[in-house]
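Chain by chain, the residues run as shown.
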Amino acid sequence: MRPGLFLYAGGGLVEEGLRGLVVPQLAVEWDARIAAAHAAAHPGEVLVENVSDVAWSKIAGPFYYLHASPVCKSFSRARRDRGERETDRCGAEAVVDAISEYEPGVVTVENVPQYVDTFSYRQIVEKLDELGYRMDTR
């Protein structure tokens, strides 16, 4: 199995879907209760921290697989004031930093459809393009 890095990990649903293919080596989740659920369900270390605050250069890789599921509440149709915020841009920058640090073989990013119209999304796509990744957006 290949080592994986999971950003905005939540309880580990993506990790569950990848069981047998990718082993969670490191997950980053800021909510301690959710991080505890992740730790109970999956191997590897769970870092309870905001993804934007992680010092990637101090965390040893390699990671073959990197998955990020940035917070999407800014884009909810239920919000009158929906739209990209500075926290979204900082989160995308952290994803870009992790991709740059580890250059994993596979990167997946999951979010709501509105995310593709944001600067945050473009930051990630531009870094992947710069590093020579082939991409598909669905």
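Above this text you will find the structure in question.
Residues numbered from 1 in each chain as written. Predicted model: local features only at pLDDT ≥ 70, side-chain atom pairs only at ≥ 80, totals over all residues. Heavy atoms only, no water.

*Asks:* Quick question: what am I supposed to make of the sheet that holds strand S2 (residues 22-28) here?
*Replies:* Backbone hydrogen bonds are what pair the strands of a sheet, in a parallel or an antiparallel way. Strands sit in the order S3-S2-S1-S4-S5 across an open sheet of five strands; the sheet is parallel. With one partner strand each, in any of the chains shown, strand S3 (45-47) and strand S5 (106-109) form the two edges of the open sheet. Strand-to-strand twist in this sheet, taken as the mean axis angle between neighbours without regard to direction, amounts to 20°. Direction of pairing for strand S1 (residues 2-7) relative to strand S4 (residues 65-68): parallel, over a ladder of four bridges. Residue pairing in the sheet places Leu7 in a bridge with Ala68 of S4. With respect to the sheet, helix H3 (residues 86-102) is in contact with S1, S4 and S5, its orientation differing from that of S1 by roughly 160°. (Pairing = 2+ DSSP bridges. Helix = DSSP H or I, 4+ residues; strand = E, 2+ residues; numbered from the N terminus. Axes fitted to C-alpha atoms, helices over the stretch in contact; angles between N-to-C directions. Contact = heavy atoms within 4.5 Å.)

*Asks:* Is there a simple way to think about the environment of Ser120 in this case?
*Replies:* Along the chain, Ser120 turns up in helix H4 (residues 119-130). For Ser120 and Thr87, which are 33 residues apart along the polypeptide, the C-alpha to C-alpha distance reads 9.7 Å. Contact partners of Ser120, with chain neighbours within four places excluded, come to Glu84, Asp88, Arg89, Ala92 and Tyr115. A polar side-chain atom of Ser120 sits 3.3 Å from the main-chain amide nitrogen of Arg89. (Polar contact = N/O pair within 3.5 Å; in protein donor to acceptor, adjacent residues only side chain to side chain.)

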